[in-house]
Each structure stands twice: as C-alpha cells, then as structure tokens.
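Fold and geometry: a report
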Amino acid sequence: MAGLIKREDIDEVRSRTRLDDVVGEFVSLRTAGVGSLKGLCPFHDERTPSFHVRPQVGMYHCFGCGESGDVFTFLQKLDGVTFAEAVERQAERVGVQLRYEEGEGPPREEVGRRQRLIEMHQVAEEYFRRQLGESEAQTAREYLSARGFDAEALDQFGVGYAPRGWDNLLRFVRGRGFTTEEITASGLVSEGRRGIYDRFRGRIMWPIRDVTGRTIGFGARKLYEDDQGPKYLNTPETPLYKKAQVLYGLDLAKREIARTKRVVVVEGYTDVMAAHLAGVGQAVATCGTAFGEEHAKVVSRLLGDEASGTGEVVFTFDGDEAGQRAALKAFELEQRFVAQTFVAVEAGGRDPSDLRAEEGDAAVRDLVDGRRPLFEFAITQAISRFDLSTVEGRVGAMRAAAPVVASIRDAAMRPGYERLVAGRLGVGMDEVAEAVRRAKPASAGRGRAGERRSGSQASGRSPQQPGRAPQPSGGRQSSAQQAGAAHPGRGGWQSPAPLPAADGAQSASPYEPRTAGRIEEYAEQLGGTATTVPDFDPVAVRIERGALQVALQQPQFVNATLFDGLNGEVFTHPDLRTVHAYMQQSGGIRAGLTDPAGWPERVMETAAGRGDDRVRSLVGALAVEPLPAEDAAGVERYSRGIIARLFDSDMARIASELHSRLQRTDPTDLETSSALLNQLQILEQQRARIRQLM
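Each value, and the rule that gives it
- Residues numbered from 1 in each chain as written.
- Predicted model: local features only at pLDDT ≥ 70, side-chain atom pairs only at ≥ 80, totals over all residues.
- Heavy atoms only, no water.
- Helix = DSSP H or I, 4+ residues; strand = E, 2+ residues; numbered from the N terminus.
- Buried < 20%, exposed > 50% of the residue type's maximum accessible area, 1.4 Å probe, protein only.
- Contact = heavy atoms within 4.5 Å.
- Core = buried A, V, L, I, M, F, W, Y, C linked by side-chain atoms within 4.5 Å.
- Disulfide = S-S within 2.5 Å.
- Pairing = 2+ DSSP bridges.
- Right-handed = clockwise from strand over helix to strand, strands pointing away.
- Salt bridge = Lys/Arg side-chain N within 4 Å of Asp/Glu carboxyl O.
- Axes fitted to C-alpha atoms, helices over the stretch in contact; angles between N-to-C directions.

Attention shifts here to the overall build of the protein chain. Assigned secondary structure in the protein chain consists of 29 helices and 19 strands. Burial status across the protein chain gives 48% buried among its 694 residues. When contacts within the protein chain are restricted to residue pairs at least 6 apart in sequence, long-range pairs at least 24 apart make up 69% of them.

Counting residues in hydrophobic clusters, the biggest one holds 62 residues, and the most contacted among them are Leu144 and Tyr248. It is helix H5 (residues 108–131) that contributes the most residues to this core, seven residues altogether. What Tyr248 contacts, discounting residues up to four positions off in sequence, is Phe157, Trp206, Pro207, Ile208, Tyr269, Val272, Met273, Ala283, Val284, Ala285 and Cys287. With 50 residues, the next largest nonpolar core counts Phe26, Ala91, Ile257 and Val263 among its residues.

As a further point, take the state of the cysteines. In this structure the tally under the stated criterion is zero disulfides. Of all cysteine sulfurs in the structure, the one in Cys62 sits closest to Cys41, which takes part in no disulfide; the separation is 3.6 Å. With relative accessibility at 5%, the residue Cys41 sits in the buried group. Lacking any disulfide linkage, Cys65 is separated from the closest cysteine sulfur, that of Cys62, by 3.7 Å. Overall, Cys65 belongs to the buried group, its relative accessible area being 15%.

A separate point is the pairing of strand S14 (residues 283–286). Side chains of S14 alternate between two faces, with Ala283 and Ala285 and Val284 and Thr286 buried alike. Two strands pair when backbone bridges link them, and strand S12 (residues 247–248) and S14 are joined in this way by two bridges, in the antiparallel orientation. Looking across to S14, one finds that Leu247 is bridged to Thr286. Pairing geometry for strand S13 (residues 262–266) and S14, over three bridges, is parallel. Bridging across to S14, Val264 finds its partner in Ala283. Crossover S13 to S14 through helix H11 (residues 269–277) is right-handed.

Within a regular strand, the side chains alternate between the two sheet faces. Side chains Met59 and His61 of strand S4 (residues 59–62) all project onto a buried face; the interleaved residues Tyr60 and Cys62 project onto the opposite face, where all are buried too. Between strand S3 (residues 51–54) and the antiparallel strand that follows it, S4, lie four residues; Gly58 among them carries a positive phi value of about 75°. Pairing between S4 and strand S5 (residues 68–69): two bridges, direction antiparallel. Note on S5: the bridge partner recorded for Tyr60 is Gly69. Here S4 folds back onto S5 in antiparallel fashion, the turn holding five residues, of which Gly66 has a positive phi close to 90°.

A few words on the sheet that holds strand S17 (residues 372–373). If you walk across this open sheet you meet the six strands as S12-S14-S13-S15-S16-S17, and the pairing is mixed. With partners counted over all chains shown, the strands left at the sheet margins are S12 and S17, one partner each.

Helical geometry note: an α-helix holds 3.6 residues per turn, so side chains three or four residues apart project in the same direction. Burial in helix H12 (residues 293–303) covers these residues: His295, Ala296, Val298, Val299, Ser300, Leu302 and Leu303. Taken together, the buried residues of H12 touch helix H3 (71–79), S12, helix H10 (250–260), S13, S14 and strand S15 (312–317).

Note on placement: Thr316 falls in strand S15. For Thr316, a relative accessible area of 3% gives the class buried. Each residue touching Thr316, except ones within four places of it in the same chain, is listed here: Val264, Val265, Val266, Glu267, Ala344 and Pro352.

The next point concerns the pattern of salt bridges. Throughout the structure, instances matching the rule amount to 37 salt bridges. One salt bridge connects Arg438 with Glu434, and the closest N-O pair in it is separated by 3.0 Å. With a gap of four residues between them, Arg438 and Glu434 both fall in helix H19 (residues 429–443), about one helical turn apart. Using a relative accessible area of 28% as the deciding quantity, one classes Glu434 as partly exposed. Residues joined by salt bridges that share partners form a network here, namely Arg7, Asp11, Arg14, Asp70 and Glu605.

All right, on to the sheet that holds strand S6 (residues 160–162) then. Where strands meet in a sheet, backbone hydrogen bonds hold them as pairs that are either parallel or antiparallel. Spatial ordering of the open sheet is given by S6-S9-S10-S11, a layout of four strands whose pairing is antiparallel. The open sheet has two free edges, formed respectively by S6 and strand S11 (232–234), since each of these has just one partner strand. For this sheet the average axis-to-axis angle between neighbouring strands, irrespective of direction, equals 35°. Inspection of the sheet shows S6 paired to strand S9 (residues 203–209) by three bridges, in the antiparallel sense. Note that in S9 the partner of Tyr161 across the bridge is Ile204. Contacting S6, S9, strand S10 (215–222) and S11, helix H6 (residues 138–146) crosses the sheet at an angle of about 65° to S9. In the packing of H11 onto the sheet, the strands contacted are S9, S10 and S11, and the crossing angle to S9 comes to about 70°.

Spelled out as structure tokens, the structure:
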C-alpha cells in the first residue's frame, strides 16, 4: 500500500498549478484589485460575488460562507475526493511523477495502464455517440424521444448506441492502436471459446463517469426482443470501474450538491437525465447495484457531512414492492449520514423519467420538494404489515415501529415520532415510549455516537429556504459581536447592525431597557458584578487587520525582526492576536520571505493543528482579501504605511507603560527617573521616523 506523498512533490504540484485556471473551470472570475480575482462562490448560493482568488498566493476565500484553502482543498470539496486523490489527479494534469514516503506508490506501469484504459473509454464513447445518428439506431432514437429527451439532452449526457454485431467496437478500438490485452482489461468486451467479442450489442449506451468527468464504464439498455441478455447491462469490475463506489451523474451534480448541501438519489440513468432537465441538478444514481456504504461515503464527502447535520439526502424510489424494499435498504444506511434523510415516492408509482414525460418538469420538482422524512416512511412501512383492527396487530405494530423510533439520533425528535406511532395505532403515548425505551439497547450500537442537531430539518424543511433569512444560532456571541465592532464572521469580517428600537430608530444598546434592568436585578440579588463587554476601537482593529493582511500577502515590505518580535498585546482583538501568534509559530516573516506562495498555507496549517478552525478561516480571509491599492506602487505604499502604523501603536503602548512607571517612581530616585526619561526620548525619536512612512 502506498504511503504518504512526499511533501516536496506536493509543493511541486502546487507550484505548477495556477489556482485561477482550476477555479475558472467552475467559476467565472473577474479582476477584483491588484493580484486578486472574484466570482460567485461555488459552495453556496449567492447573487453578489464574495469568492476571492489570489493566484500569486494560490489561495481562495469566500467572505460569504467562510470556505478557504488552496487548490487541493478546492478539489477536495468540489469533487468529493480525499487529499491524496486531489494531489494525484492534479499531478497527472501537470505532469509530476509522485513519490511516496513509505513504498513507491502506484508503479509507473500501472499509472500508464490506467491512462490507456481512460483513453480507450473516451474513444468508445465517441464511437457510440456517432452510432446513435446512424440508421440502425432509429429504434433507440424513438425510445429516447418518447421519454422527452431531445438531441441537446442526449449530447449533454453523452448518450450513444452500440450497433448489433459481434466485433464492431472491437475492430474500431484495435484500429486506434489498442492491444488485445488492453481491450480485455477494459470491460468493453466479453471472452468466449473463440476469443473476445463486443460486450454491448444493440443497446442504448450511457457513459459512466467519475467525479472529474472521465469516462470509466458504460451502462446499456436492451432494445430488441431477441436480445437474451438482461434489461440493463453494465461494465464489469475493472481497474477503473468499481460499481460500489460509482454514482452515475455525479460529475454533473457535484457543483449543485456542494452548493445546496442536498443530494437526490434516483434509480436509473433516464431518471437522472429527467431530474437534471427538470431542474433537480443534484440527482445521481447507482449503477447496477443497491445504494451501499461506499456510496454513502462518496455522498458524505460531497455534502461535507459534519456534525452540523444541515445537509439532505433524498431517496426517490418507484412505488412498487421493489422500490419499497430499496427504500428500507436505504434506511439501514441512514445512520451513516449526519445529514437529514428523506424519501420521495410518487403516489402513482411513477419514476422521475415517467413523471416528467407525462406531467412535465414541475412534477419532478414537486416530487422532490414533497419528500418525507425517511423515519416516517420506515415507521409507516413497519406498521403496514399488521392488522390494526386487532389487539395483537396493534401490539405487533408497536413492537415493529419501536426500534425505528429508538434509532433516531436526535433525542428531541423521538417524542414527535412516538406521538405519530401512538396516533396511528390508537394506543397511549406511555405504551409507545416504554416500547421505544426497551428497543434502545438493540439499536444503540447502530451508527455514530452523538445526537443530530435538531432544527428546521426535523420538520422536513429544506436547509435553505428561499426568502427566509438565516436565524441566529442562539449560542453565546463572541466578544467582538457583543461589542458591535468589526468581527470575524464565517472567516470574513462583518459589522453587525444595531437592533432597531421600538420606535423604528436605531437603539444605542443591544438590549431593551427592561431587559437591561433585569440583568442588573440578577447581578444585585445573586451577588457579583456584571462583566463589562470588551470595547474594541474600530480604528485600532482596522490597523491591526491591515497589517496582518500585508504580513501574509506582501511579507517583503515588513521588517521581520520588528514584526516577529511584537508583543501580542499590541493586538487589541484576541483573534488577531492569535493570528500573529500562529505566524510566529510558523517561522515568522522570514519563513514568508523564503516561500511567499506557501506562507499563508503554512500559517493556516498551524491553526488547523491547534484545532482552531475559526482563526484558520480568518487567516484564509486575510490572505486573499484585496489590499486597498490600484497598482504595484500603491500596494507598496499602503503596505509600508499600515505596518508603520502598527509599529507606532506598539511604541505608543510601550510609551504608556514607561509613563506609568515614571509616575510610580520615587521622585528622589533620580537614576531610575533619568533612565526612564531617556528611554522615552529615544522612543519618541523612533516614532518620529516611523511616522514619516505613515
């Protein structure tokens, strides 16, 4: 097994990659100042661009959602791959042969074989697509047209046709220079007593692509009665194609999934096509197998499935018995997700493809929007097996539903489902609650530890309701938020608007007078004094923040000795003080001068190593936010000026300390007083020099 990729190779891949070229494949970027570009964020829905890219530094940051990182982070989040996979894929694009710390990694011959298989699949896809326009493919075209797929849709999904015959594709790929060994390994042919022959014959062909858009296999539907094969036939397991890890349509859906934090799992190729064409751009499907654990891992990576539980997984199934079995199979995997899980089953049993063909695009969107929580569906199915007109049936149904309710991770949701069961069965809440309590030990081992956060998703609402403003979390505010000064918000910095007063005017206090009075009463009656909210000087914070921006973006304009030696007390805001400390721990300005492009990432890694995600995101924001300058000369002028103002602030702080010591010094202690006055005089001389740069 390959070990870790060597750090110098990772750095080489990064140095050969222009971040704006990679991001530009997904986002339209435009100039946003010296050395900075901006566009609409691919990670959340927005109308005003807040996603900034600095190609020179190789970093991006969104001031709307707080996402930040380098090219590998971008590919990880957008393509749903691991860090190693992101490095390996980008290394392939820029021509870097990777080395590994332990072992050699994939042998060069293996990498070469994989690349040949990818090239062969591209050739095969082009062949099938051309064949769809031939006279023999008339039946295929009629089938697709009847389901509402026009030529533009077929081109979008790369749909093709495999002609009848035993060696049409075989002869074609051989003519392109592929060997029998390579063709056999591709899965495009089958092997018989007389040799190899085309696996796909007389069928509609769908190219199956990996998350980056490379064709790695095919799905095929039979058209003719004399075809003795299965209705659907897929590529077998190959070095490229692992059906347990592949989701059809993922290459087209990944951006919408990452943006909306929702994935819609449908059952077939035409269902994916119908969903996308109807405006449900998050649709994907498994390929010849049930949705399993590996698929769940892929989906979780794309959703960024973390403890917040704000994502959605919506399963759509046919209304027949097989569809219900598939839905219950999905329920078994529910505990694999932190995201909320739902099921959408059309009342008439129609799949998205039939629904769109018969009722149009809106019907498909309504199907997904009308999703039901997967728990509710599973409970309904468990109860439906029993005759509720008898005592025995009601008891059996309660016992069958209890483990489902007990498996709900969010304790706040369980009572609601207990009431649902009690209402359906006509029994008391206490009986159901007791049955659930008894069922818990049997289900306690399922899934992850910890409870899912309750919220709007508990009632089946989308995590992003159009027209609804995000609600406050209800947690404790940061000191900067309480002060009403500029503060880091999701990696960027925002100024909270003061709360409106009762008469519509802006209130000077964030509290209503009655509320403030109650706080004072509690303090008076219970003892102790109320802690004063820190008051940050916005001018000082602006200087500190600007200086840190320059230190990350333009370290050549910073005196390394003075900046790295700064006492943290010069930073009045604790988050900015922490950023400076992480800079010191990362090697200081001298490290930035040695490797300017990798300097911000180095500081971010230090923050990540401390588990400080908030400050890590803040560093990302400081590293990419454009400096207020029009050209290179303006950048230098601003950089030297803002750094000088920070040094002046530090000198003013030191001078204040010296004056304080002087006031406390015994007047008869002439030696100490003289030394302090001398230090103050030297300090003022240096401040005068510094001010010339301000």
